[in-house]
Amino acid sequence: MDIQALRAEQIERAAQVVRHDDFEVMPPRLIGGADVGFEEGGDVTRAALVLLEYPSMKLVAHTVARVATTMPYIPGFLSFREYPALLAAWQQLDQHPDLLFVDGHGISHPRRLGVASHFGLMVDVPTIGVAKRRLCGKFADLSEEPGARQPLMDKGEQLAWVWRSKKRCNPLFVSTGHRVSTDTALEWVERCMGGYRLPEPTRWADAVASRRPAFVRWQQQP
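Residues numbered from 1 in each chain as written. Predicted model: local features only at pLDDT ≥ 70, side-chain atom pairs only at ≥ 80, totals over all residues. Heavy atoms only, no water.

An unreviewed UniProt entry lists the protein under the name Endonuclease V, with Duffyella gerundensis as the source organism. As recorded by UniProt, the Function (unreviewed entry) comment attached to the protein reads in full: "DNA repair enzyme involved in the repair of deaminated bases. Selectively cleaves double-stranded DNA at the second phosphodiester bond 3' to a deoxyinosine leaving behind the intact lesion on the nicked DNA." What UniProt records for the protein under Subcellular location (unreviewed entry) is the sentence "Cytoplasm". (UniProt positions renumbered as here; feature names shortened; annotations may be inferred.)

Trainee: How should I be thinking about the pattern of salt bridges in this particular structure?
Mentor: Where charged atoms from two side chains of opposite charge approach closely, those side chains can pair. The final tally for this structure, using the stated rule, is 14 salt bridges. Salt-bridge contacts for E157 lead to R19; the nearest nitrogen and oxygen are separated by 3.0 Å. Placement of the pair is E157 in strand β7 (residues 157-163) and R19 in the loop between α1 (3-14) and β1 (30-39), with a sequence separation of 138 residues. Residue classification places E157 among the partly exposed positions, given a relative accessible area of 27%. Of the charged contacts, one joins D154 and R112 as a salt bridge, the two residues approaching to 3.0 Å between their closest N and O atoms. Placement of the pair is D154 in strand β6 (residues 149-154) and R112 in the loop between β4 (99-103) and α3 (115-123), with a sequence separation of 42 residues. (Salt bridge = Lys/Arg side-chain N within 4 Å of Asp/Glu carboxyl O. Helix = DSSP H or I, 4+ residues; strand = E, 2+ residues; numbered from the N terminus. Buried < 20%, exposed > 50% of the residue type's maximum accessible area, 1.4 Å probe, protein only.)

Trainee: It is not clear to me how the nonpolar core should be interpreted in this structure. Could you clarify?
Mentor: When a protein is soluble and globular, its nonpolar side chains tend to lie buried together. Grouped together as the largest cluster of nonpolar side chains are 26 residues, with contacts concentrated most on F101 and I128. The leading source of residues in this core is helix α5 (residues 200-210), at 5 residues. (Core = buried A, V, L, I, M, F, W, Y, C linked by side-chain atoms within 4.5 Å.)

Trainee: Mind showing me how you'd approach the sheet that holds β4 here?
Mentor: Adjacent strands of a sheet form backbone hydrogen bonds with each other and so pair up, either parallel or antiparallel. Reading across the sheet, the 8 strands line up as β3-β2-β1-β4-β5-β8-β7-β6 and stay open at both edges, with mixed pairing between neighbours. Edge positions in the sheet fall to β3 (59-68) and β6, since each of these pairs with one other strand and no more. Geometrically, the sheet is characterised by an average inter-axis angle of 25 degrees between neighbouring strands, direction not taken into account. With 10 bridges connecting them, β1 and strand β2 (residues 44-53) associate as antiparallel partners. In the sheet register, E39 faces β2, and the bridge partner there is V44. (Pairing = 2+ DSSP bridges. Axes fitted to C-alpha atoms, helices over the stretch in contact; angles between N-to-C directions.)

Trainee: It is not clear to me how the state of the cysteines should be interpreted in this structure. Could you clarify?
Mentor: A covalent bond between the sulfur atoms of two cysteines is what we call a disulfide. If you walk through the whole model with that rule in mind, you get 0 disulfides. Counting only cysteine sulfurs, C192 is the nearest neighbor of C169, a cysteine outside any disulfide, at a range of 18 Å. (Disulfide = S-S within 2.5 Å.)

Trainee: Looking at this model, I keep getting lost on the pairing of β1. Mind explaining?
Mentor: Put simply, side chains in a regular strand alternate between the two faces of the sheet. With 8 of 10 residues buried, β1 is to be regarded as a mostly interior element. Between the antiparallel neighbours β1 and β2 lie 4 residues, among them E40 with a positive phi of about 55 degrees. The pairing of β1 with β4 spans 4 bridges and is classified as parallel. Note on β4: the bridge partner recorded for G33 is F101.

Trainee: Please clarify how the packing of aromatic side chains should be interpreted in this entry.
Mentor: What describes a pair of aromatic rings is the distance from one ring centre to the other and the angle between the planes of the rings. Overall, the coordinates contain 3 aromatic pairs when judged by the stated rule. Consider the rings of W90 and F119, whose centres lie 5.8 Å apart with planes at 85 degrees: the pair is edge-to-face. Pair noted here: W90 is in helix α2 (residues 78-92) and F119 is in helix α3, with a separation of 29 residues, a long-range link. Ring geometry for F139 against F173: centres 5.8 Å apart, planes inclined by 75 degrees, an arrangement best described as edge-to-face. You can see F139 sitting in the loop between β5 (127-131) and β6 and its partner F173 sitting in strand β8 (residues 172-178), a full 34 residues away along the chain. Overall, F139 belongs to the partly exposed group, its relative accessible area being 31%. Here the basic side chain of R81 rests over the ring of F38, its NZ or CZ set 4.2 Å away from the ring centre. Against the face of W204 rests R203, its NZ or CZ located 5.5 Å from the ring centre. (Phe/Tyr/Trp six-rings, centres within 6.5 Å; stacked < 30°, edge-to-face > 60°. Lys NZ or Arg CZ within 6 Å of the ring centre and 35° of its normal.)

Structure below.
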């Protein structure tokens with residue numbers, strides 16, 4: 001594995017990420033959610049994509065793709081491991097979202113290319129990163145109240161909002177993926193909350209990927 005070549009590719013791609021709002025459809029008619037996991041000891045990469053109507057947040061389509069994992073886990077280079085399955089799932093959809101939420105980082109990455117930015121750039125769709133853990137940067141103490149926020153700063157620039165979506169829950173890291181500004185990313189995450197820690201698009205993507213009870217009930221509807 002040529003780490004130097006991957007690092008150079010990250011830096012090159014990161015320079016292509018559009019960090020301002022560039023929507024073709026506003027408000028979006030369909031909002032997508034993406035979640036990636038690994039099965040069979042990491043040998044298989046599983047990507048789930050969902051489409052939700054906006055503003056109802058009703059699940060209208062979903063797909064899951066499983067592909068052979070092509071590279072080992074290397075910290076800081078996870079998007080190269082995850083995007084082949086995401087691309088396979090994307091190609092299975094009959095229609096594509098106007099805005100995509102990805103469970104992972106956007107520009108809040110040491111080289112400014114987390115999976116939300118990497119994949120958003122590949123499919124050229126406005127994309128938001130919604131991550132559960134910090135990858136880089138620092139932020140001030142966050143109050144316990146829902147809605148509390150602090151900027152995630154690294155080397156003098158804001159990479160994300162650290163935002164507490166729900167009381168007694170760890171905060172989320174909401175960042176530009178591609179074609180969405182940092183402030184707009186948080187606005188759309190706030191609009192897509194349904195009372196849980198995660199916004200509905202990535203919550204549903206996780207539910208589909210892991211066949212959680214909410215998704216099983218959805219499938220059983222007449």
